[in-house]
Each structure stands twice: as C-alpha cells, then as structure tokens.
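Next come the chains, spelled out residue by residue.
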Amino acid sequence: ELLTEAAELGSTRAHFKLGHAYYRGVLGVAQDKVKGIHCWEVAAMQGDVGSRHFLGLAELENLNFDRAVRHLLISAKKGSKESLDRIKNLLTKGLATKAQYLEGLEGYQDAVEEMKSPDRDEIVTLMKK
C-alpha cells in the first residue's frame, strides 16, 4: 500500500519494487507479470538501471532475445555489471553478437569511469575499515 502510494507520487524506487512484487507475486501481492513489467517500464524510463535489467530478464524469459539484449545493453552502459555478464553469456550461446558485447563493455567501462572520484574512493576506503 505504501509502495503504491510512493509510486503514484513518482518514486522510481517504488516502481522498481512494485514491479518485482507484481512480477514474482511477493510482498503480499498477487502475481501479475503485465503489471510488473509496466512498473519496471515506468522506472526504466526514469533512468532506473535495475528496472531496465529486469526488463531484459523478462524478455529472456519470453524468448525475445533481441529485445532482451537491447534492454541489457542500456543497463550495462549505465554501469550494470550483471547486465554485461548476461550479454556475455548470451554471446557464448550465440544469442548476442560480439559487436553487442563490445558495445556493452565499452559503455560499462565508461559508466564505471564516470562514477570514479577521489572523494568516492576515500569513502569506500573508510567504510572498509
């Protein structure tokens, strides 16, 4: 109920979580894959990388490999290692091309590089202590 209200107020994270709840039928919500995908689509359009990744997985589940790779490429280019690894796996099965994998790898590396900063590195180091 609170997630639904937060989603109605525009929370990207709430859309992501509702998508998962509907798609899997968890958190006391009846399974409704169509609603789950819709929630992920809304969050993905707002830039949520996890939602984009799960849209790719849903397309894989439905054997829509081209659509799956497109979603996974978008999330890999935004820094999702899981999406990049999934594209690599699809490449080994002949379901993605080497060019698609390289596109995802380059985008992933760019995203990781963009996220680096001395301040961030210092915080990570402090958190490990």
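Being a predicted model, the structure only gives us computed values, none of them experimental.

A. Region of interest: helix 5 (residues 65-77). The terminal C-alpha atoms of helix 5, which comprises 13 residues, lie 18 Å apart, in line with the 18 Å expected from a rise of 1.5 Å per residue. Buried within helix 5 we find Ala68, Val69, His71, Leu72, Leu73, Ser75 and Ala76. Residues of helix 5 that are buried make contact with helix 4 (49-61), helix 6 (81-92) and helix 7 (98-115). Note on helix 5: the residue one or two positions beyond its end, Gly79, has a positive phi of about 105°.

B. Up close: the packing of aromatic side chains. Tallied over the full model, the rule gives three aromatic pairs. Here the aromatic rings of Tyr23 and Trp40 are separated by 5.0 Å at their centres, their planes lie at 35°, and the arrangement is tilted. Of the two residues, Tyr23 sits in helix 2 (residues 12-24) while Trp40 sits in helix 3 (residues 33-45), which places them 17 residues apart along the sequence. In this pair, the class of Tyr23 matches that of Trp40, namely buried. Where Trp40 meets Phe54, the ring centres are 5.3 Å apart and the plane angle is 20°; that geometry is what we call stacked. Of this pair, Trp40 sits in helix 3 while Phe54 sits in helix 4; the two residues are 14 residues apart in sequence, bridging distant segments of the chain. Under the relative-accessibility criterion, Trp40 is labelled buried at 1%. A relative accessible area of 23% places Phe54 in the partly exposed class.

C. A look at the packing of helix 5 against helix 6. With their axes 8 Å apart at the nearest point, helix 5 and helix 6 run at an angle of 140° to one another. It follows from the interaxial angle that helix 5 and helix 6 lie oblique. Between helix 5 and helix 6 lies a crossing of left-handed hand. Here Val69, Leu72, Leu73, Ser75 and Ala76 of helix 5 lie close against helix 6, whose contacting residues are Ser83, Leu84, Arg86, Ile87 and Leu90. In the contact of helix 5 with helix 6, the residues fall into seven nonpolar, two polar and one charged.

D. How the structure looks around the nonpolar core. If you look at the biggest cluster of nonpolar residues, it comprises 13 residues, and the most contacted ones within it are Leu60, Val69, Leu72, Leu84, Ile87, Leu90 and Ala96. Elements supplying a minimum of two residues to this core: helix 4, helix 5, helix 6 and helix 7. If one sorts the elements of this core by residue count, helix 5 sits on top with five residues. Filtering out sequence-adjacent residues up to four positions away, Val69 remains in contact with Leu90, Leu95, Ala96 and Gln100.

E. Representation of the packing of helix 5 against helix 7. For the pair helix 5 and helix 7, the least separation of the axes is 7 Å and the interaxial angle reads 25°. Classified by the angle their axes make, helix 5 and helix 7 are roughly parallel. Contact residues: Val69, Leu73, Ala76 and Lys77 in helix 5; Gln100, Glu103, Gly104, Gly107, Tyr108 and Ala111 in helix 7.

Thresholds, definitions, all that
Residues numbered from 1 in each chain as written. Predicted model: local features only at pLDDT ≥ 70, side-chain atom pairs only at ≥ 80, totals over all residues. Heavy atoms only, no water. Helix = DSSP H or I, 4+ residues; strand = E, 2+ residues; numbered from the N terminus. Expected span 1.5 Å × (residues − 1). Buried < 20%, exposed > 50% of the residue type's maximum accessible area, 1.4 Å probe, protein only. Contact = heavy atoms within 4.5 Å. Phe/Tyr/Trp six-rings, centres within 6.5 Å; stacked < 30°, edge-to-face > 60°. Axes fitted to C-alpha atoms, helices over the stretch in contact; angles between N-to-C directions. Parallel < 35°, antiparallel > 145°, perpendicular 65-115°, else oblique. Left-handed = near helix turned anticlockwise from the far one by under 90°. Nonpolar A, V, L, I, M, F, W, Y, C, P; charged D, E, K, R; others polar. Core = buried A, V, L, I, M, F, W, Y, C linked by side-chain atoms within 4.5 Å.

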